[in-house]
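Structure assessment
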Amino acid sequence: MPEKHGLTRRALLVGAAPLVAAGPLARLAFADDDKGHEHLASHEGHDHRDLGHAAMIGDQVPAPGGPTDLDELLLPPPALPHQPGRIREYKLVARDKEIEVAKGVTFPAWTYNGTVPGPVIRATEDDILRVEFTNAGSHPHTIHFHGIHPANMDGVFEIVGPGERFTYEFPAQPYGMQLYHCHATPLKKHIHKGLYGAFIIDPAKPRKPAQELVMVMNGYDTDGDGANNFYTVNGLAFYYAKYPITVSRSQTVRIYLANLTEFDLVNSFHLHGEFFRYYPTGSTDQFEYTDTVVQTQGQRGVIEIDFHNPGLFMFHAHQSEFAELGWMGFFNVVA
Ligand code: CU
Ligand code: CU
(Lines give C-alpha, C1' and ligand atoms only; values in the text may rest on other atoms or scores of the structure.)
(Ligands and ions follow the chains in the order given, each with its own letter.)
Protein backbone atom coordinates (compact mmCIF):
# COMPACT_ATOMS: atom_id res chain seq x y z
CA MET A 1 0.00 0.00 0.00
CA PRO A 2 1.44 3.37 -0.87
CA GLU A 3 1.67 5.89 1.97
CA LYS A 4 -1.67 7.61 2.14
CA HIS A 5 -0.44 10.91 3.51
CA GLY A 6 2.25 12.45 1.39
CA LEU A 7 3.63 14.61 4.18
CA THR A 8 6.05 12.19 5.78
CA ARG A 9 8.91 13.30 7.93
CA ARG A 10 11.38 11.74 5.51
CA ALA A 11 9.93 13.50 2.51
CA LEU A 12 10.10 16.77 4.39
CA LEU A 13 13.68 16.20 5.40
CA VAL A 14 14.75 15.26 1.93
CA GLY A 15 13.11 18.34 0.60
CA ALA A 16 13.53 20.69 3.53
CA ALA A 17 15.62 23.37 1.88
CA PRO A 18 13.51 23.77 -1.25
CA LEU A 19 10.38 23.37 0.83
CA VAL A 20 11.20 26.27 3.06
CA ALA A 21 12.42 28.42 0.23
CA ALA A 22 9.56 27.72 -2.11
CA GLY A 23 6.87 29.81 -0.51
CA PRO A 24 3.68 28.83 1.24
CA LEU A 25 3.67 25.16 2.10
CA ALA A 26 0.05 25.01 1.04
CA ARG A 27 1.10 25.42 -2.55
CA LEU A 28 3.48 22.51 -2.36
CA ALA A 29 2.28 19.23 -3.66
CA PHE A 30 3.71 15.80 -3.10
CA ALA A 31 4.13 13.46 -5.98
CA ASP A 32 5.43 9.98 -6.54
CA ASP A 33 8.29 9.77 -8.95
CA ASP A 34 8.85 6.70 -11.02
CA LYS A 35 11.22 5.19 -8.47
CA GLY A 36 8.36 5.17 -6.03
CA HIS A 37 9.86 7.87 -3.82
CA GLU A 38 7.86 10.77 -2.66
CA HIS A 39 9.24 14.14 -3.51
CA LEU A 40 8.18 17.68 -3.13
CA ALA A 41 7.00 19.53 -6.17
CA SER A 42 6.33 23.22 -6.34
CA HIS A 43 3.36 24.18 -8.46
CA GLU A 44 4.34 27.80 -8.44
CA GLY A 45 6.31 27.40 -11.61
CA HIS A 46 9.60 28.70 -10.34
CA ASP A 47 12.54 27.06 -8.74
CA HIS A 48 13.81 28.71 -5.58
CA ARG A 49 16.32 26.06 -4.74
CA ASP A 50 19.15 28.56 -4.93
CA LEU A 51 17.81 30.45 -1.92
CA GLY A 52 18.64 27.81 0.68
CA HIS A 53 17.18 28.05 4.14
CA ALA A 54 19.87 28.94 6.63
CA ALA A 55 19.76 32.67 6.08
CA MET A 56 16.02 32.87 5.55
CA ILE A 57 14.75 35.80 7.50
CA GLY A 58 11.93 38.31 7.33
CA ASP A 59 9.01 38.52 4.94
CA GLN A 60 10.11 35.73 2.63
CA VAL A 61 9.83 33.15 5.42
CA PRO A 62 6.64 31.08 5.06
CA ALA A 63 5.62 31.18 8.73
CA PRO A 64 1.98 31.35 9.81
CA GLY A 65 0.61 34.16 11.95
CA GLY A 66 0.98 37.92 12.18
CA PRO A 67 3.75 39.94 13.87
CA THR A 68 2.15 40.04 17.32
CA ASP A 69 0.33 36.70 17.34
CA LEU A 70 2.77 35.03 19.73
CA ASP A 71 3.31 37.96 22.09
CA GLU A 72 1.17 36.43 24.81
CA LEU A 73 3.19 33.25 24.79
CA LEU A 74 6.59 34.94 24.39
CA LEU A 75 6.19 37.74 26.91
CA PRO A 76 5.29 36.54 30.41
CA PRO A 77 3.12 38.55 32.77
CA PRO A 78 5.32 40.59 35.14
CA ALA A 79 6.74 39.11 38.33
CA LEU A 80 5.00 40.29 41.50
CA PRO A 81 6.78 40.98 44.81
CA HIS A 82 6.84 38.27 47.47
CA GLN A 83 3.61 38.32 49.48
CA PRO A 84 2.89 34.94 51.09
CA GLY A 85 -0.74 33.83 50.88
CA ARG A 86 -1.74 36.11 48.01
CA ILE A 87 -4.09 34.32 45.63
CA ARG A 88 -3.08 34.11 41.96
CA GLU A 89 -6.03 33.04 39.83
CA TYR A 90 -6.02 31.62 36.33
CA LYS A 91 -8.78 30.14 34.22
CA LEU A 92 -7.89 27.40 31.77
CA VAL A 93 -10.34 25.90 29.32
CA ALA A 94 -9.49 22.79 27.30
CA ARG A 95 -10.86 22.95 23.76
CA ASP A 96 -10.36 21.03 20.56
CA LYS A 97 -9.13 23.41 17.89
CA GLU A 98 -7.69 23.13 14.41
CA ILE A 99 -4.62 25.35 14.35
CA GLU A 100 -2.24 26.37 11.58
CA VAL A 101 1.20 25.25 12.78
CA ALA A 102 3.24 25.82 9.63
CA LYS A 103 2.27 27.87 6.60
CA GLY A 104 -0.78 26.13 5.12
CA VAL A 105 -0.45 23.10 7.41
CA THR A 106 -3.10 22.55 10.06
CA PHE A 107 -3.11 20.32 13.12
CA PRO A 108 -6.21 19.08 15.00
CA ALA A 109 -4.98 20.25 18.39
CA TRP A 110 -6.27 19.88 21.90
CA THR A 111 -5.55 23.20 23.57
CA TYR A 112 -5.64 25.08 26.82
CA ASN A 113 -7.31 28.42 26.01
CA GLY A 114 -7.02 27.93 22.25
CA THR A 115 -3.25 27.99 21.83
CA VAL A 116 -0.39 25.49 21.73
CA PRO A 117 1.41 25.88 24.06
CA GLY A 118 -1.22 27.04 26.54
CA PRO A 119 -1.03 30.34 28.41
CA VAL A 120 1.94 31.26 30.59
CA ILE A 121 1.06 30.81 34.26
CA ARG A 122 3.11 32.86 36.69
CA ALA A 123 3.17 33.12 40.46
CA THR A 124 5.64 34.17 43.14
CA GLU A 125 6.84 31.61 45.65
CA ASP A 126 4.30 31.25 48.50
CA ASP A 127 1.44 32.69 46.45
CA ILE A 128 -1.61 30.46 46.48
CA LEU A 129 -2.04 29.37 42.89
CA ARG A 130 -5.68 28.81 41.99
CA VAL A 131 -6.39 27.43 38.52
CA GLU A 132 -10.01 26.94 37.58
CA PHE A 133 -10.05 24.30 34.88
CA THR A 134 -13.00 23.72 32.56
CA ASN A 135 -12.98 20.88 30.09
CA ALA A 136 -14.79 22.07 26.97
CA GLY A 137 -13.04 19.48 24.84
CA SER A 138 -14.17 16.10 23.56
CA HIS A 139 -11.93 13.94 25.78
CA PRO A 140 -11.22 13.69 29.52
CA HIS A 141 -8.29 15.89 30.58
CA THR A 142 -6.45 17.15 33.65
CA ILE A 143 -3.76 19.65 34.50
CA HIS A 144 -0.64 18.20 36.07
CA PHE A 145 1.73 20.83 37.42
CA HIS A 146 5.41 20.30 38.08
CA GLY A 147 6.54 21.59 41.47
CA ILE A 148 5.56 20.81 45.04
CA HIS A 149 1.88 20.26 45.90
CA PRO A 150 -0.54 17.90 47.67
CA ALA A 151 -1.30 14.52 46.09
CA ASN A 152 -4.92 15.45 45.33
CA MET A 153 -3.76 18.46 43.28
CA ASP A 154 -1.49 16.42 41.05
CA GLY A 155 -3.80 16.06 38.08
CA VAL A 156 -3.35 12.32 37.77
CA PHE A 157 -6.31 10.69 39.53
CA GLU A 158 -8.87 13.50 39.32
CA ILE A 159 -9.85 13.09 35.70
CA VAL A 160 -12.02 15.95 34.41
CA GLY A 161 -14.54 14.74 31.84
CA PRO A 162 -15.95 16.79 28.97
CA GLY A 163 -18.23 19.48 30.43
CA GLU A 164 -16.74 19.13 33.91
CA ARG A 165 -14.65 21.47 36.04
CA PHE A 166 -11.91 21.17 38.61
CA THR A 167 -10.11 23.81 40.65
CA TYR A 168 -6.45 23.27 41.44
CA GLU A 169 -5.20 25.21 44.45
CA PHE A 170 -1.84 24.99 46.23
CA PRO A 171 1.06 27.18 47.37
CA ALA A 172 3.47 27.91 44.52
CA GLN A 173 6.77 26.11 45.26
CA PRO A 174 9.66 25.93 44.55
CA TYR A 175 10.81 28.91 42.50
CA GLY A 176 12.02 28.15 39.02
CA MET A 177 10.75 27.34 35.57
CA GLN A 178 8.05 24.75 36.09
CA LEU A 179 5.53 23.52 33.56
CA TYR A 180 2.09 22.00 33.31
CA HIS A 181 0.50 19.45 31.05
CA CYS A 182 -2.47 17.12 30.79
CA HIS A 183 -1.96 13.76 32.49
CA ALA A 184 -4.92 11.81 31.11
CA THR A 185 -4.12 8.61 29.24
CA PRO A 186 -2.84 7.81 26.72
CA LEU A 187 -0.39 10.39 28.01
CA LYS A 188 1.67 10.57 24.85
CA LYS A 189 -1.40 11.50 22.85
CA HIS A 190 -2.68 14.11 25.32
CA ILE A 191 0.70 15.81 25.35
CA HIS A 192 1.46 15.71 21.66
CA LYS A 193 -2.02 17.09 20.89
CA GLY A 194 -0.96 20.31 22.61
CA LEU A 195 -2.02 20.30 26.27
CA TYR A 196 0.98 21.91 27.99
CA GLY A 197 2.46 25.23 28.92
CA ALA A 198 4.98 27.20 30.95
CA PHE A 199 4.56 27.77 34.68
CA ILE A 200 6.99 30.30 36.17
CA ILE A 201 7.45 30.56 39.93
CA ASP A 202 9.41 33.66 40.92
CA PRO A 203 11.77 33.55 43.89
CA ALA A 204 10.96 35.48 47.08
CA LYS A 205 14.07 37.56 46.46
CA PRO A 206 13.35 38.93 42.98
CA ARG A 207 15.61 38.10 40.06
CA LYS A 208 17.41 41.13 38.66
CA PRO A 209 15.51 43.09 36.01
CA ALA A 210 15.74 41.59 32.52
CA GLN A 211 14.02 41.39 29.15
CA GLU A 212 11.99 38.27 29.86
CA LEU A 213 10.90 35.74 27.27
CA VAL A 214 9.26 32.33 27.38
CA MET A 215 10.12 29.61 24.89
CA VAL A 216 8.35 26.27 24.85
CA MET A 217 9.88 23.82 22.38
CA ASN A 218 7.48 21.39 20.73
CA GLY A 219 6.77 19.31 17.67
CA TYR A 220 3.74 18.32 15.61
CA ASP A 221 2.97 14.98 14.03
CA THR A 222 0.73 16.33 11.29
CA ASP A 223 0.27 13.04 9.44
CA GLY A 224 -0.33 10.72 12.38
CA ASP A 225 2.62 8.39 11.80
CA GLY A 226 4.06 8.81 15.28
CA ALA A 227 6.91 11.12 14.24
CA ASN A 228 7.03 14.88 14.17
CA ASN A 229 6.78 16.72 10.87
CA PHE A 230 7.38 20.20 12.29
CA TYR A 231 9.22 21.65 15.25
CA THR A 232 8.69 25.06 16.80
CA VAL A 233 9.18 27.32 19.76
CA ASN A 234 5.87 28.66 21.05
CA GLY A 235 3.87 26.76 18.47
CA LEU A 236 4.47 28.18 15.00
CA ALA A 237 7.13 26.84 12.62
CA PHE A 238 9.74 29.39 11.49
CA TYR A 239 7.84 32.17 13.26
CA TYR A 240 10.89 33.90 14.80
CA ALA A 241 12.70 33.74 11.47
CA LYS A 242 9.88 35.73 9.94
CA TYR A 243 9.58 37.98 13.00
CA PRO A 244 12.97 38.22 14.75
CA ILE A 245 12.82 39.03 18.45
CA THR A 246 14.19 42.52 19.05
CA VAL A 247 16.15 42.85 22.28
CA SER A 248 18.40 45.53 23.70
CA ARG A 249 22.10 44.89 24.25
CA SER A 250 22.00 47.02 27.42
CA GLN A 251 19.96 44.59 29.54
CA THR A 252 20.10 40.86 30.24
CA VAL A 253 17.78 38.71 28.16
CA ARG A 254 16.19 36.01 30.31
CA ILE A 255 14.52 33.05 28.62
CA TYR A 256 12.32 30.59 30.48
CA LEU A 257 12.88 27.50 28.33
CA ALA A 258 10.99 24.19 28.44
CA ASN A 259 10.84 21.12 26.23
CA LEU A 260 7.45 19.53 25.56
CA THR A 261 8.41 17.75 22.36
CA GLU A 262 6.76 14.34 22.07
CA PHE A 263 8.24 11.36 20.15
CA ASP A 264 11.85 12.67 20.07
CA LEU A 265 13.94 12.00 23.17
CA VAL A 266 15.59 15.40 23.37
CA ASN A 267 15.39 18.91 22.03
CA SER A 268 17.93 21.69 22.31
CA PHE A 269 18.54 25.42 22.21
CA HIS A 270 21.65 26.82 20.56
CA LEU A 271 22.57 30.49 20.23
CA HIS A 272 24.97 31.90 17.67
CA GLY A 273 27.74 34.37 18.43
CA GLU A 274 27.24 34.47 22.18
CA PHE A 275 27.44 32.48 25.42
CA PHE A 276 24.83 32.47 28.14
CA ARG A 277 24.26 31.29 31.69
CA TYR A 278 21.98 28.26 31.92
CA TYR A 279 20.29 27.52 35.26
CA PRO A 280 18.79 24.00 35.12
CA THR A 281 15.17 24.22 36.32
CA GLY A 282 16.01 27.78 37.47
CA SER A 283 15.62 26.66 41.07
CA THR A 284 19.16 27.38 42.30
CA ASP A 285 21.84 29.94 41.46
CA GLN A 286 24.08 27.30 39.90
CA PHE A 287 24.66 27.74 36.22
CA GLU A 288 26.61 26.48 33.27
CA TYR A 289 28.24 28.94 30.85
CA THR A 290 27.52 27.63 27.37
CA ASP A 291 25.97 28.27 23.97
CA THR A 292 23.92 25.04 23.75
CA VAL A 293 21.56 23.29 26.15
CA VAL A 294 19.83 19.95 25.78
CA GLN A 295 16.52 19.10 27.43
CA THR A 296 14.62 15.87 27.50
CA GLN A 297 10.83 16.01 27.51
CA GLY A 298 9.64 17.88 30.61
CA GLN A 299 13.03 19.40 31.36
CA ARG A 300 13.31 23.14 31.59
CA GLY A 301 15.58 25.90 32.77
CA VAL A 302 16.40 29.57 32.74
CA ILE A 303 18.79 31.16 30.26
CA GLU A 304 20.40 34.55 30.83
CA ILE A 305 22.14 36.24 27.92
CA ASP A 306 24.22 39.41 28.09
CA PHE A 307 24.77 40.17 24.42
CA HIS A 308 28.20 41.60 23.66
CA ASN A 309 27.38 42.64 20.11
CA PRO A 310 24.47 44.18 18.22
CA GLY A 311 23.09 42.55 15.07
CA LEU A 312 21.18 39.50 13.99
CA PHE A 313 21.95 36.29 15.86
CA MET A 314 20.35 32.99 14.99
CA PHE A 315 18.97 30.61 17.60
CA HIS A 316 17.76 27.11 16.83
CA ALA A 317 17.64 23.48 17.86
CA HIS A 318 21.11 22.07 17.43
CA GLN A 319 19.53 19.01 15.85
CA SER A 320 19.79 20.40 12.31
CA GLU A 321 16.77 18.33 11.34
CA PHE A 322 14.57 20.16 13.85
CA ALA A 323 15.91 23.53 12.70
CA GLU A 324 15.10 22.73 9.09
CA LEU A 325 11.59 21.71 10.05
CA GLY A 326 10.77 24.97 11.79
CA TRP A 327 12.68 25.32 15.06
CA MET A 328 14.84 28.33 14.25
CA GLY A 329 14.70 32.07 14.64
CA PHE A 330 16.70 35.24 15.18
CA PHE A 331 17.40 37.81 17.81
CA ASN A 332 17.76 41.34 16.50
CA VAL A 333 20.08 42.85 19.11
CA VAL A 334 19.94 46.64 19.08
CA ALA A 335 22.47 48.86 20.82
CU1 CU B 1 -5.78 15.43 28.03
CU1 CU C 1 5.40 16.33 33.42
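**Structural notes on the overall build of the protein**
Tallying secondary structure elements over the protein gives 6 helices and 21 strands in all. In the protein, which comprises 335 residues, the share counted as buried stands at 53%. Taking the intrachain contacts of the protein between residues at least 6 apart in sequence as the baseline, contacts between residues at least 24 apart amount to 71%. Split by element, the accessible area of the protein, about 14300 Å² in all, is 54% carbon and sulfur.

**What to know about the coordination of the copper ion (ligand 2)**
Protein coordination at the copper ion (ligand 2): the donors are His146 (NE2) and His181 (NE2), at 1.9 to 2.0 Å from the metal. With a gap of 35 residues between them, His146 in the loop between β7 (144–145) and β8 (165–171) and His181 in strand β9 (residues 176–181) connect regions that are remote in the sequence.

**Things to note about unusual backbone geometry**
Most peptide bonds adopt trans geometry, and most residues besides glycine take a negative phi value. Residue Pro174 is bonded to the preceding Gln173 through a cis peptide linkage, with omega at -15°. Summarising the element assignment, Pro174 is placed in the loop between β8 and β9. In this structure, the amide linkage connecting Thr185 to the following residue, Pro186, adopts the cis form with an omega of -5°. Among the secondary structure elements, Pro186 is positioned in the loop between β9 and α4 (187–192). Backbone geometry at Asn113 places phi at a positive 60°, although glycine is not the residue there. Position of Asn113 among the secondary structure elements: in the loop between β4 (105–112) and β5 (121–124). Taking relative accessible area as the criterion, Asn113 reaches 31% and is therefore assigned partly exposed. Although it is not a glycine, Asp126 sits at a positive phi angle of roughly 80°. Residue position: Asp126 is located in the loop between β5 and β6 (128–135).

**Overview of the pairing of strand β10 (residues 196–202)**
Counting buried residues in β10 gives 7 out of 7 residues, a clear majority hidden from the surface. As judged from the 4 bridges shared by β5 and β10, these two strands associate in the parallel manner. By the bridge assignment for β10, Ile121 is matched with Phe199. Across 6 bridges, β9 lies against β10 in antiparallel orientation.

**Some points on the packing of aromatic side chains**
Applying the stated criterion to the full structure yields 21 aromatic pairs. Consider the rings of Phe145 and Tyr168, whose centres lie 5.7 Å apart with planes at 70°: the pair is edge-to-face. Of the two residues, Phe145 sits in strand β7 while Tyr168 sits in strand β8, which places them 23 residues apart along the sequence. For the pair formed by Phe145 and Tyr168, the shared burial category is buried. With centroids separated by 6.4 Å and ring planes inclined at 40°, the aromatic side chains of Tyr240 and Phe315 adopt a geometry described as tilted. Placement of the pair is Tyr240 in helix α5 (residues 239–242) and Phe315 in strand β20 (residues 311–316), with a sequence separation of 75 residues. Judged by its relative accessible area of 3%, Tyr240 is buried.

**Quick look at the environment of Leu70**
Among the secondary structure elements, Leu70 is positioned in the loop between β2 (38–42) and α3 (71–74). Excluding anything up to four places from it in sequence, Leu70 contacts Val233, Asn234, Leu236, Tyr239 and Tyr240.

**Digging into the sheet that holds β20**
Taking strand neighbours across the sheet as the criterion, the 5 strands line up as β13-β21-β20-β15-β18 in an open arrangement whose pairing is mixed. The open sheet has two edge strands with one neighbour each: β13 (245–248) and β18 (292–296). With strand direction ignored, the average angle separating the axes of adjacent strands in the sheet is 25°.

**Focus on the sheet that holds strand β17 (residues 288–290)**
If you walk across this open sheet you meet the 6 strands as β12-β11-β14-β19-β16-β17, and the pairing is mixed. Pairing within the sheet leaves two strands with one partner each, and these edge strands are β12 (230–233) and β17. Neighbour-to-neighbour, the strand axes of this sheet turn through a mean angle of 25°, independent of strand direction. As defined by bridge partners, strand β16 (residues 276–280) adjoins strand β19 (residues 300–305) across 5 bridges and the pair is classed as antiparallel. Across the sheet, the residue bridging to Pro280 is Gly301, located in β19.

**A closer look at the confidence of the model for the protein**
Per-residue confidence for the protein averages 88 on the pLDDT scale, and 84% of its residues sit at or above 70. For residues 1–8, every residue scores under 50 in pLDDT, and the model assigns this stretch 17 contacts once sequence neighbours within four places are set aside. Scored below 50 in pLDDT, residues 10–52 makes 64 contacts in the model with residues more than four places away or belonging to other chains.

Definitions and limits used
- Residues numbered from 1 in each chain as written.
- Chains lettered and ligands numbered in written order.
- Predicted model: local features only at pLDDT ≥ 70, side-chain atom pairs only at ≥ 80, totals over all residues.
- Heavy atoms only, no water.
- Helix = DSSP H or I, 4+ residues; strand = E, 2+ residues; numbered from the N terminus.
- Buried < 20%, exposed > 50% of the residue type's maximum accessible area, 1.4 Å probe, protein only.
- Contact = heavy atoms within 4.5 Å.
- Areas by Shrake-Rupley, 256 points an atom, 1.4 Å probe, with all protein chains shown as cover.
- Donors = N, O, S within 2.8 Å, 3.2 Å for Na, K, Ca; no water.
- Pairing = 2+ DSSP bridges.
- Phe/Tyr/Trp six-rings, centres within 6.5 Å; stacked < 30°, edge-to-face > 60°.
- Axes fitted to C-alpha atoms, helices over the stretch in contact; angles between N-to-C directions.
- pLDDT = per-residue confidence, 0-100.

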